[in-house]
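The lines below spell out each chain.
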Amino acid sequence: MSNIKKAFENGKAFIAFITCGDPDLETTAAAVKAAVQNGADLIELGIPFSDPTAEGPVIQGANLRALNGGVTTDKIFAFVKELRRDVKVPMVFMTYANVVFSYGAEKFISTCRDIEIDGLILPDLPFEEKEEFQPLCKQYGVDLVSLIAPTSENRIAMIAKEAEGFLYIVSSLGVTGTRSEIKTDLASIVKVVRENTDVPCAIGFGISTPEQAKKMADISDGAIVGSAIIKLLEKYGKDASEYVGEYVRSMKDAMR
Amino acid sequence: MTNPNGRFGIHGGQYIPETLMNAVIELEEAYNYYKNDSEFNRELTELFNEYAGRPSRLYYAEKMTKDLGGAKIYLKREDLNHTGAHKINNVLGQALLAKKMGKTRLIAETGAGQHGVATATAAALMGMECVVFMGEEDTIRQALNVYRMRLLGAEVIPVKTGTATLKDAVSEAMREWTSRIADTHYCLGSVMGPHPFPTIVRDFQAVISKEIKEQILQKEGRLPDAVIACVGGGSNAIGSFYHFIEDAGVRLIGCEAAGRGIDTFETAATINTGRVGLFHGMKSYFCQDKYGQIAPVYSISAGLDYPGVGPEHAHLHDIGRAEYVPVTDDEAVNAFEYLVKTEGIIPAIESAHAVAHAMKIAPTMDKDKIIVITISGRGDKDCAAIARYRGEDIHE
C-alpha cells in the first residue's frame, strides 16, 4: 500500500497531470510545485511516449515537445529524485506499457520505489494483461492504478475488486482532451465501484472547467485534469507555472 | 497455434485501453460463433469465388526458372484478385462478420492504400459507411489509391502525427475506435493488433496456403521446398505459411523491408533489427530505441513501412519454424524490374521484396526443388515511385 490514500484525505482530490520535459524539466519542476502550492493533492507525471494511442492532440503535442527536447526515462528518474526534496504529495507515473517493458520492468518499478513514486498508470494495460507488471508492483510497493471506461459495464466489479491506489474512471469515450459536455452516467459507475472496493475513485478525461471539476468531485472522490493544464504549458512555455498555479487554485476551490 | 488468451508463445495479448476491451471481447465471441457457422462460410466462399475471383492462380514462372538456373519457381498470383492484392481476403471476411454483428460503419488504417481500397470496396458492396486513416506521407506516395477510395465512397483522413505513415494511421484508427464503438468495426488490415485480430486476419488469409497446397499437389504431386512472402505486419506471409506450418520439410521465408540496409536507421526490418515490446495491442518485435520509443522506420514500400510485426511471426521466428530475411530497396526495385521484363508481371513493390530473395536462393538450389513466391499485390500503384527511384519524374 503506497501513500496514494493521503491524496484523498483533504476533501475531494484534485489530480494534476503534467508531461515531464514539456518543454523542459525545469519548467516541469516549477509547474509541479505551483500546482502543489495551490492545492493539487496528487501529481500524475507523464513519461512521454512516441505513439501515445490514448491521447488526444493536446497531450500528443506535449509528448512530442518533451521527446524533441531530449527527455528520457533516466533523466526523468533523476529529475523526480531531485523534485522529491520539495514535493511531498503522492506522485504517480503515467506512461505506456512499452516504456516500462523496454526499460526492464523490474529495473523500472524498483526505481519508482527508490525515488518515491507511489503508483503507475498505464492506459494500454487492461485488467487481462496486468500480470505483466502487477507482481513486481506488489513486490516494490508501487500501486498499479486500474482504469474503468464508459464501456466497462460488466467489467467494473471485476476491476474494482482488485483495484489499488485509486481507480481512474474515464469520463467519456475517445481519447484525452477537453470536452464541453460529459454524457456518461458516471454516478452509476461509481455506485458499482463503491459496492466492490474501498479504494477511492477519481474521474478524468475531458474535465477543464471549475464547474465540471465540482460536478465530478460531487459524484466521486476527485477530478483528474491533464489537457487543460498542458494547454497552459503549450501557451506560456517556460513561464507557465504561474498560470498553472492560478488554474489549479480555481479548480480546487470549486471542489471544496 | 493460439491459446485462449490470444498468445503465440510469449507474443500477442491485448495491450489496449480499457475502453476497447468489451469491443474486442464482443468481436471474439462473434468470430468464434460465425467461423463455424455454415451459412457464414457459404456466403464468404461465394464472395471469395464470385466477387474476388478466387482461387488465385499458381503460375509456373518458366522463364524466370530457366534464367535463374536453379529451383523451379511458382508464383501465387494474389495480384489477380479483385482490387489487386491479397487484402481483399481479410476484408471480405471482416466486413461480413461486422455486418452479422450489426455494425454499419467500417474504419481502417492503410499504408500503401491496398487495404484501404479493399475496405472501401467491401463497404461499397455491403452498403456500409467507411473511413480510412492514411499517413499524410503515404497519401502523397499513393495518390491514386486515395482517389480510388474516395471514388468508392470512403472518407480518407490524412494522418499528420508522428512520421505520418502506417504506424500513425494505426494509432489514429485505434483512437477513432475508442471514440465510436457501438456502430463501428475496426477492420484491421494485418495479422497484428490485439487479440483476436491476429487470429481472425490469419484465418481469412489462410485461404492462400490452402490453395497453394492443393494447386502444387495437383501440378507437382508434392509439397514445395520453400514458400517465400514479404512481411510488413505479415498478413500475406502468414496466409501463405499457415497450412505448411506442420509440414517440416517446407521452408517458410518472410522477407522484411531493409530499406537502405539493416545497418542503417532507414530500415523497417523488425525481426532483424527490433526488440520485444508492447505496442499497438500486442507483444511482439518492434523497432525501438533503448527507452522503448518506437523508431521512425523507412522503406520504399509504404505497405512494409511498419515498425512491428504480427505476433505469430514473432513466435515462428522464436521457435525457428520460419526464417525472416532483410531485403533492401535496391534489391526490391531490381526484382520489380526483373519480374516485369522476365515474366511480364508487374508486382507490388512489397511483393518484389519476396521476388528479390527468391532470385538470391533459387540459383543455389537444385533443379528438382520447388519455390513458391506469393505475389501479394500488383504494382501499378508503384510505377510512379519506381520511376522516381530511377530518377525519372512522371505524373500520374
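Residues numbered from 1 in each chain as written. Chains lettered and ligands numbered in written order. Predicted model: local features only at pLDDT ≥ 70, side-chain atom pairs only at ≥ 80, totals over all residues.

J.: Which parts of the structure should I look at to understand the domain arrangement of chain B?
T.: All names here are of chain B. If you check the domain split of chain B, you get domain 1 (8-48 + 87-201) and domain 2 (54-84 + 206-389). Here the C-alpha centre of domain 2 lies 22 Å away from the C-alpha centre of domain 1. Contact with domain 1, which involves 38 residues of that partner, is made by 38 residues of domain 2. Listed by contribution, the elements that provide at least two residues to the side of domain 1 that touches domain 2 are strand S2 (11-15), helix H4 (87-100), helix H5 (114-126), helix H6 (136-141), helix H7 (143-151), helix H8 (166-179) and helix H9 (197-205). Each residue belonging to the side of domain 1 that touches domain 2 can be placed in one class, and the counts come to 17 nonpolar, 17 polar and four charged. (Domains from an automatic or database assignment. Contact = placed C-beta atoms within 7 Å. Helix = DSSP H or I, 4+ residues; strand = E, 2+ residues; numbered from the N terminus. Nonpolar A, V, L, I, M, F, W, Y, C, P; charged D, E, K, R; others polar.)

J.: Help me out: how do you make sense of the interface of chain B and chain A in this one?
T.: It is common to report an interface's size as the accessible area lost on association of the parts. The partner chain A presents 32 residues to the 27 residues of chain B that form the contact. Here the side of chain B that touches chain A takes six residues from H8 of chain B, the largest share from any one element. Residue composition of the side of chain B that touches chain A, by class: ten nonpolar, 13 polar and four charged.

J.: How should I be thinking about the sheet that holds S2 of chain B in this particular structure?
T.: The pairing of strands in a sheet comes from backbone hydrogen bonds and takes either a parallel or an antiparallel form. All names here are of chain B. If you walk across this open sheet you meet the four strands as S1-S2-S12-S11, and the pairing is antiparallel. Both outer strands of the open sheet, strand S1 (7-8) and strand S11 (275-279), are each paired with one neighbouring strand and no more. Sheet analysis places S2 next to strand S12 (residues 281-286), joined by two bridges and oriented antiparallel. If you follow Gly12 over to S12, its bridge partner there is Lys283. Where helix H13 (residues 311-318) meets the sheet, its contacts fall on S1, S2 and S12, and the angle it forms with S12 comes to roughly 45 degrees. (Pairing = 2+ DSSP bridges. Axes fitted to C-alpha atoms, helices over the stretch in contact; angles between N-to-C directions.)

J.: Explain the packing of H4 of chain B against H5 of chain B here, please?
T.: Residue and element names in this part refer to chain B. Here H4 crosses H5 at 40 degrees, and the two axes come no closer than 9 Å. Here H4 is positioned oblique relative to H5, judged by the angle of their axes. For the pair H4 and H5, the sense of crossing is right-handed. For the pair formed by H4 and H5, the contact residues are Lys87, Ile88, Val91, Leu92, Ala95 and Lys99 on the first element and Gln114, His115, Ala118, Thr119, Ala122, Ala123 and Met126 on the second. Of the residues assigned to the contact of H4 with H5, the class counts are eight nonpolar, three polar and two charged. (Parallel < 35°, antiparallel > 145°, perpendicular 65-115°, else oblique. Left-handed = near helix turned anticlockwise from the far one by under 90°.)

J.: Teacher, can you tell me more about helix H2 (residues 38-51) of chain B here?
T.: Counting along an α-helix, one turn takes 3.6 residues, and residues three or four places apart therefore face a common direction. All names here are of chain B. The first and last C-alpha atoms of H2 sit 19 Å apart over 14 residues, in line with the 20 Å expected at 1.5 Å per residue. Considered for burial, the residues of H2 that qualify are Leu44, Leu47 and Phe48. Down the axis of H2, the buried set is contained in an arc of 95 degrees. They therefore lie on one face. Residues of H2 that are exposed and point over 90 degrees away from its buried face: Ser38, Glu39, Arg42, Thr45, Glu46, Asn49 and Glu50. For H2, the secondary structure elements touched by its buried residues are H4 and helix H10 (207-220). Backbone geometry just after H2 places Gly53 at a positive phi near 90 degrees. (Expected span 1.5 Å × (residues − 1). Buried ≥ 20, exposed ≤ 12 C-beta atoms within 10 Å, placed from the backbone. Arc of directions from axis to C-beta.)

J.: Looking at this model, I keep getting lost on the pairing of strand S6 (residues 167-170) of chain A. Mind explaining?
T.: Walk down a regular strand and you will see the side chains alternate between the two sheet faces. Residue and element names in this part refer to chain A. Burial of the side chains of S6 extends over both faces: Leu167 and Ile169 are buried on one face and Tyr168 and Val170 on the other. In terms of strand pairing, strand S5 (residues 143-148) meets S6 through three bridges, oriented parallel. Note on S6: the bridge partner recorded for Leu147 is Tyr168. Assessed by its sense of winding, the connection that carries the chain from S5 through helix H7 (residues 156-161) to S6 is right-handed. Examined bridge by bridge, S6 and strand S7 (residues 201-204) share four bridges and lie parallel to one another. Looking at S7, one finds that Tyr168 is bridged to Ala202. Considered for its hand, the β-α-β crossover made up of S6, helix H8 (residues 186-196) and S7 is right-handed. (Right-handed = clockwise from strand over helix to strand, strands pointing away.)

J.: I would appreciate a short explanation of the environment of Asp37 of chain B in the present structure.
T.: Residues and elements named next belong to chain B. Along the chain, Asp37 falls in the loop between helix H1 (18-34) and H2. Overall, Asp37 belongs to the exposed group, with 12 C-beta atoms counted inside 10 Å. Expressed as a C-alpha distance, the spacing of Asp37 and Leu339, which sit 302 residues apart in the sequence, is 41 Å.

J.: Please clarify how the nonpolar core should be interpreted in this entry.
T.: If you look at soluble globular proteins, the nonpolar side chains tend to sit buried side by side. Ranked by internal contacts, the top residues of the largest apolar core, which has 226 residues, are Ala16, Ile43, Ala223 and Ile229 of chain A. Here this core spans two domains, since at least three of its residues come from each of domain 1 (8-48 + 87-201) and domain 2 (54-84 + 206-389) of chain B. Setting aside anything within four residues of it in sequence, one finds Ile43 of chain A in contact with Ala16, Ile18, Val32, Ala35, Val36, Val89 and Met91 of chain A. (Core = buried A, V, L, I, M, F, W, Y, C linked by C-beta atoms within 7 Å.)

J.: Before we go on, may I ask you to explain the confidence of the model for chain B in this structure?
T.: Close reading of the predicted structure is inappropriate where its pLDDT is low. Summing up the model confidence of chain B, the mean pLDDT is 96 and the portion of residues at 70 or higher is 98%. Here the complex is predicted with pTM 0.96, and the ipTM for its interfaces comes to 0.96. (pLDDT = per-residue confidence, 0-100.)

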